[in-house]
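Residue-level structural notes
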Amino acid sequence: MANEPSFAQHLRSYITGYILSVVLTLAAFAAVLTIGRENKSVLLLVALLGIAQLVVQLKYFLNVTTQREYRDNLALVAFSTLILLIIVLGTVWIMGNLAVRMHATM
Amino acid sequence: MSATEHGWLGKLSWESLVFSNFLESPSINEAVASAAGSLVILASIAILGLLTWYRLWGPLWRDWLTSTDHKKIGIMYIVFAIVMLVRGLLEGMVMRAQQAAAPDGFLHADHFAQLFSTHGTIMVFFVAVPFLVGLINFAMPLQIGARDVAFPVLNQISLAVTVSSGILLMVSLVVGQFSTGGWSAYPPYTGGDFSPGVGPDYWIWAIVFSGAGTTLTGINFTVTVYKCRGPGMHLFRMPLFCWTVLCASILMIFAMPPLSVAALMLGLDRYLDFHFFTNDLGGNMMNYANLFWLFGHPEVYLLVLPAYGIFSEVFSTYSAKTLYGYKSLVIATMCIAILSFTVWLHHFFTMGQSPTINIAFGIATMLIAVPTGVKVYDWMATMYRGRIRFTTPMVYAIGFLILFVIGGLSGVILANPTVDFQVHNTLFLVAHFHNVLIPGVLFGILAGYNYWFPKAFGFRLNDKLGRLSAYLWFAGFMLTFFPLYVAGLLGMPRRSFTYADLTFKPYMIVAFIGAMVVLAALITLVVQFLVSIRDRHKTRVPVGDPWDGRSLEWASPAPVPAYNFVELPTVTDRDEFSEAKEHGRAYQRPKNYRDIELPKNNPLGFILCVTSGILMFALVWYIWWLALISALAILIAVIASTFRKETEYIIPASQLEKDTEAWLALVEKSEAVSRDLEDSPRNVGYSKLEL
Amino acid sequence: MNLSSSSKSPGSIGNAHEAAHRDPAVVIFGFWVFMMSDLIFFGVVFAIYITMVGATAGGPGPKELFDFGSLFAQTMLLLTSSLTVGIATVTMRHERSRASFLFWVVITLLLGIGFLTLELYDFSEMASKGGVPSRSGYLSAFFGLVPLHGLHVTFGCLWMLVLIAQVFTMGMGQVVKLRFLRLALFWHFLDLIWIGIFSIVYFGGWVYG
C-alpha cells in the first residue's frame, strides 16, 4: 500500500469499468437482437464480448491485475480458470459426443 | 410428494423404526438390522451415562465442544472417524460373511445393498476424510510454526457439519432404511420413481452437509498454509506433509462442488419433481455419472496425497535421514493434483462415448503413474543407507510401499479401456480400489495416529501391539482382497448378495477368513489403545520429542500448550528442528515473554451441529415445519455470532514464563536417549544428538 | 496457484502475535478462495445447462419464454449496483463520512432488491406460459442455474442488512470494514456470474434452443 491511489483515482477506476461494461453489454444485446435470429455464429461475438467484460470487471472492480500486491489473486484466478475450463469443456465434450452417438438432441 | 400427503411428522411412523420389522417378521436378516440399531442406541446411552456418572459434561463443554483450538478440533475429528471406522469395518465383515455363505446367505438383497451403500459412503466421507482432516488439523499448523489455522471458528463449523452428517447415518440404522444405490447413488435408480423411500434422501443430505464442511476445511487449510506460515518458513522449507496438505486442500476446494451439485440436483429431482436425471421429459442420467466422477477422481487423490505426506515424514524420521528428492516430491505432488482433474472419465469408460475420448482419458490416467513412481523411488532412496528403526509407523510405511505399488499397477491395467470393458463392474475393481485405499490411505492414517499420538497426549502408544496390529492388517488385507482380483477376472459382479456359480465360493471363503483377520487387527488396535493408557506412566514423553523428530511440531512440549509456541520459531532451513538440535538452537529460553492472543471458545459449532442435524432429519422425513425452524435457527445462530465483540482472550506473559521455565527445567534434568532406546521407559521425549 | 508467487510468507510480516483471522491479507485471500470454489459450483451448473439446451421434451423453450426487455433491465440494475457498491468501498477506504457510505450501501441494496423483483416477475411470467421446472430437463437446468444466482443475490442483500445493523452497533471498526470489503467482492463476483448467465443461458439458449 505504498502509493495508495487518491479518492478521485479510485472512483475513476470504478466509473471507467462501469462505462466499458455498459458498452459491452449493449453491444452483446444489439448483436443478438439484430443478427441472432438467423445467424448462430453471433454467439462467437457474444462470447468475445462476454470475455472482454469479464476482463474489464476483474481489472476495474475486483483489482485482479499483474501488480505485485494483487499477484496472489491473479494466480488464484488463473488456476481456478484452468480447472473451470477442464471441467466445463470436458463435460461438454463427453456429453456432446455421447448425444451424437445416441442420436439424441443434446 | 407434497407436504399435504403426510401428517405433522411427515413420513415418520412407528413402522419406520427398525425394530418394528423384526417384531413383525422375525428372521436373521431383520435380527442383524435390529442388532445394529440396538448397538447404536445402547452405545449412545452408555456414553451419555458415563459422561453423567463421571461428571464430565462441564469439562467436555469447556475443553472440547466449544474449543476453537486446532489440536482439539483435530482430535475430535479423529475420535469421530474411529467410531465410523468401526461401523464401516463391521459392515464389511457382514458382507464378506454373506458372500462366503452364499448361495445360502442370511441377508436379503435389500439389506445387503444398504450395507455396501453405507460401507462405501462411511469409509470415504466419514472415515478417510475426517481422519485425515483431523491429523492435518493437529499437525499442520505446528509444522509451519503457526498459532492456529487461519479461521478457527470456521474450522469448528466444518467439524460440526461433518459430525452431524455422520450422526444422520447412524440414525438411519434405527429409523428407516438407508439408500440401496451404492456410495455413488446413480440415478435413475436413486430417483423418486425407483427409490420412493427415504434411503437416497439420507444419502443426499449427509453428502451435501459433510461436503460443505470439507469444502470449508479446504479453504481454511489452503489459506493457513499459504498465508499463516511462521517467520522464515518459505514454501520450500515446509515439511512435505504441508505440501501434500496444500495440494489436497486445493482438491477439496475445486472437487467438492461437482459432488454438491450432483447431490443437490438429485435432491431437486426427488423433492421438487425436476428432471435432471430422470428417464422421462429430457432428463439425462449420464450427466450424473459425469458430475459424480468429476468429484470422485480428485477425491481419491484428496485422500491419498496427505497419506503420502505422512509416509514422507515417517520414512524420513525413522530412517534418521533428510527426505530424499524433496523438490521432486513437491513437483510430483503438484502434478498428481492437477492430473487428477483430467482422468474422471475412466470411471465410466463403458458409458458409450467414442473410443477417441476413452483413449485420451486412458492415457491421462496412465500418466499419473509417473509422478507416483517418482515418489516411490524417493521414499526408497530416503531409506537407503538410513538407520532404519522398525517402529509401528515405519512398518505401516514399508507395507504401504509394497502393497500400494501392486494396487497402483492394477490401476494402470484398468486404465486401458479395452481391459476395463472386460472387468468393469466386477470384483476386480473392488479389489483394485481397496488395494489403493487400504495400503494408501488407511495405513497412512494409522501410521500418522501412532506417530503423532505422543505429541497429542503426552505418552507413547504400545509399539509391540502397534506392530502386531500392522502385520494383522497386512495379512487380513491380502487375504481379503487378493482373492477378489481372481473372482473379478472370473467374472463375478460386484455388489451381488448371492451367486449361482460355485466357482466363486472358495475365493469368497478365503476373503471371509481375511475379514476375520482384519477384525483381529481392529481388536488389536483397541487393545493397544487400552494397554497404552494403562501403561501411560511408563511412556510419558513430556519433553516432546520422542522420535528424534525433524520438523517443528516436535519442538514444543507434549501435550502441546494451547498457544503452540511461546515465541514463533524463526525458520532457517528445511528439517528445522533437526538443524536446531544440531546447532544448539533447540530448547532455548525466549528473549522476552509477550502476551499471546488466542480465539475464545465459541458455542457456534455445537449449535450448528445440533441444528443442522435436526434440519437434515426433518428434510429426510418431510417434516417441513421442523426443517423451517431449524434452518432459521442456523441462520440466526450464524448472524448472531457475527455480533460478538470479544472474540479473543489473552494468555499473560507471566503464565507463559511459568510454563516455559518449568518445561526447560524438565529438559535440563532429563536424560537424552538414543534413538535405539526410543521404545524404553527411559525415553521421556528428549532425544540424544546422533549424527 | 502457489507456483509463481514469492516464497516469502506475507502472513509473517508485521506483528507475529496478531491473530491470523483478523489480518486483512489473510481474510481477503480466504474469501477469494471461497469465491473460486463457488465459481466451480456455478461452472458445473453451467455445464449441465449447456448439455441440456435441447432437452425441452416438447415443452416450451427459450424462444417462447425469454423476455429480453426484462433481461436488459435486470442486467443494468445489477451492473449499476456493482458500481454503487464500488463507490461505497471507495468512500469507506478513504474514510469519508459514515452517512455517504451508508447511502451508497442502501442504494446497492435497493438495486439488488429491484433486480430480484424483476427476476421473480420473469419466473412467474415463464410459469404462466408453462415454463416450470417439472416440465422438462431443459427447464430444470434453467431453474437450477438462474435462481441459484438469485439466491446468492438474496444472501448478499441479507448480508448488507446485517452489516448496516453492525455499522450502528459495532461502529466502523476493522472488523466491519473487512466484512464490507468481502461483501463488495462477493457482489462484484455475482455480476461476473451474471455476464455468464445472460451470455450463455439467455443468448446461447435462445440462439440454439
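Since the model is a prediction, treat every value here as computed from it, not as a measurement.

1. Here we look at the overall build of chain B
Helix and strand content of chain B: 20 helices and two strands. For chain B, the spread of C-alpha atoms along the three principal axes comes to 75 × 55 × 45 Å. Across the 691 residues that make up chain B, the buried fraction comes to 56%. If you take every contact in chain B between residues at least 6 apart in sequence, the share linking residues at least 24 apart comes to 82%.

2. What about the nonpolar core?
Counting 296 residues, the largest nonpolar core has Leu135(B), Trp205(B), Leu251(B), Phe311(B) and Tyr49(C) as its most contacted members. Counting residues per element, this core draws most heavily on helix H8 (residues 240-272) of chain B, at 23 residues. Taken domain by domain, this core gets at least three of its residues from each of domain 1 (1-62) and domain 2 (66-106) of chain A. If you look at the next biggest cluster of nonpolar residues, it comprises six residues, including Leu107(B), Ala113(B), Leu115(B) and Phe116(B).

3. Notes on the UniProt feature "domain: Cytochrome oxidase subunit I profile" (unreviewed entry) in chain B
According to UniProt, the positions carrying the feature "domain: Cytochrome oxidase subunit I profile" (unreviewed entry) are residues 55-572 of chain B. Helix makes up 69% of residues 55-572 of chain B and strand 0%. Its end C-alpha atoms lie 47 Å apart.

4. A short note on the UniProt feature "transmembrane region" (unreviewed entry) in chain A
All names here are of chain A. Mapped onto this numbering, the UniProt entry annotates "transmembrane region" (unreviewed entry) at residues 15-35, 42-62 and 74-100. Within residues 15-35, the helical portion is 100% and the strand portion 0%, while the C-alpha atoms at the span's ends are 30 Å from each other. In the segment residues 42-62, helix accounts for 90% and strand for 0%; the C-alpha atoms at its two ends are 28 Å apart.

5. Here we look at the packing of helix H11 (residues 355-383) of chain B against helix H12 (residues 392-414) of chain B
All names here are of chain B. Two elements in contact, H11 and H12, have axes whose closest approach is 11 Å; the angle formed by their N-to-C orientations is 165°. It follows from the interaxial angle that H11 and H12 lie roughly antiparallel. With respect to the hand of their crossing, H11 and H12 are arranged in left-handed fashion. Across the interface between the two elements, Met-366, Ala-369, Thr-372, Val-376 and Trp-379 from H11 touch Leu-401, Val-405, Gly-408 and Val-412 from H12. When its residues are assigned to classes, the contact of H11 with H12 shows seven nonpolar, two polar and no charged.

6. Focus on the packing of helix H14 (residues 427-457) of chain B against helix H15 (residues 463-489) of chain B
Residues and elements named next belong to chain B. The geometry of H14 relative to H15 is characterised by a closest axis approach of 8 Å and an angle of 170° between their N-to-C directions. When the axes of H14 and H15 are compared, the pair comes out roughly antiparallel. Along the contact surface, H14 presents Leu-427, Phe-428, Leu-429, Val-430, Ala-431, His-434, Asn-435, Ile-438, Pro-439, Phe-443 and Asn-450, while H15 presents Gly-466, Trp-473, Phe-477, Phe-481, Leu-484, Tyr-485, Ala-487, Gly-488 and Leu-489. Here the contact of H14 with H15 is built from residues that sort into 15 nonpolar, five polar and no charged.

7. Quick word on the interface of chain B and chain A
Between chain B and chain A, the residue contacts involve 14 residues of the former and 11 residues of the latter. Every element with two or more residues in the side of chain B that touches chain A is listed here: H8 and helix H9 (285-318) of chain B. Here the side of chain B that touches chain A gets four residues from one element, more than from any other, and that element is H9(B). Here the side of chain B that touches chain A is built from residues that sort into eight nonpolar, six polar and no charged.

8. Focus on the interface of chain C and chain B
In this assembly, 42 residues from chain C lie in contact with 49 residues from chain B. Broken down by secondary-structure element, the contributors of at least two residues to the side of chain C that touches chain B are helix H1 (24-51) and helix H5 (137-170) of chain C. With 14 residues, H1(C) is the single largest residue contributor to the side of chain C that touches chain B. Looking at the side of chain C that touches chain B residue by residue, the class counts come to 23 nonpolar, 18 polar and one charged.

9. Some remarks on the environment of Ser340(B)
Residues and elements named next belong to chain B. Mapped onto the elements of the fold, Ser-340 is located in the loop between helix H10 (326-339) and H11. Along the chain, Ser-340 and Thr-418 lie 78 residues apart, while their C-alpha atoms are 21 Å from each other. Beyond its immediate sequence surroundings of up to four residues, Ser-340 is in contact with Leu-251, His-297, Pro-298 and Tyr-301.

10. Focus: H11(B)
All names here are of chain B. The end-to-end C-alpha separation of H11 is 43 Å, in line with the 42 Å expected for 29 residues at 1.5 Å each. The set of residues buried in H11 consists of Asn-358, Phe-361, Gly-362, Thr-365, Ile-368, Thr-372, Lys-375, Asp-378, Trp-379 and Thr-382. Taken together, the buried residues of H11 touch H9, H10, H12 and helix H13 (417-423). Trailing H11 by a residue or two, Arg-385 shows a phi angle of about 60°, which is positive.

Analysis parameters
- Residues numbered from 1 in each chain as written.
- Chains lettered and ligands numbered in written order.
- Predicted model: local features only at pLDDT ≥ 70, side-chain atom pairs only at ≥ 80, totals over all residues.
- Helix = DSSP H or I, 4+ residues; strand = E, 2+ residues; numbered from the N terminus.
- Buried ≥ 20, exposed ≤ 12 C-beta atoms within 10 Å, placed from the backbone.
- Contact = placed C-beta atoms within 7 Å.
- Core = buried A, V, L, I, M, F, W, Y, C linked by C-beta atoms within 7 Å.
- Domains from an automatic or database assignment.
- UniProt positions renumbered as here; feature names shortened; annotations may be inferred.
- Axes fitted to C-alpha atoms, helices over the stretch in contact; angles between N-to-C directions.
- Parallel < 35°, antiparallel > 145°, perpendicular 65-115°, else oblique.
- Left-handed = near helix turned anticlockwise from the far one by under 90°.
- Nonpolar A, V, L, I, M, F, W, Y, C, P; charged D, E, K, R; others polar.
- Expected span 1.5 Å × (residues − 1).

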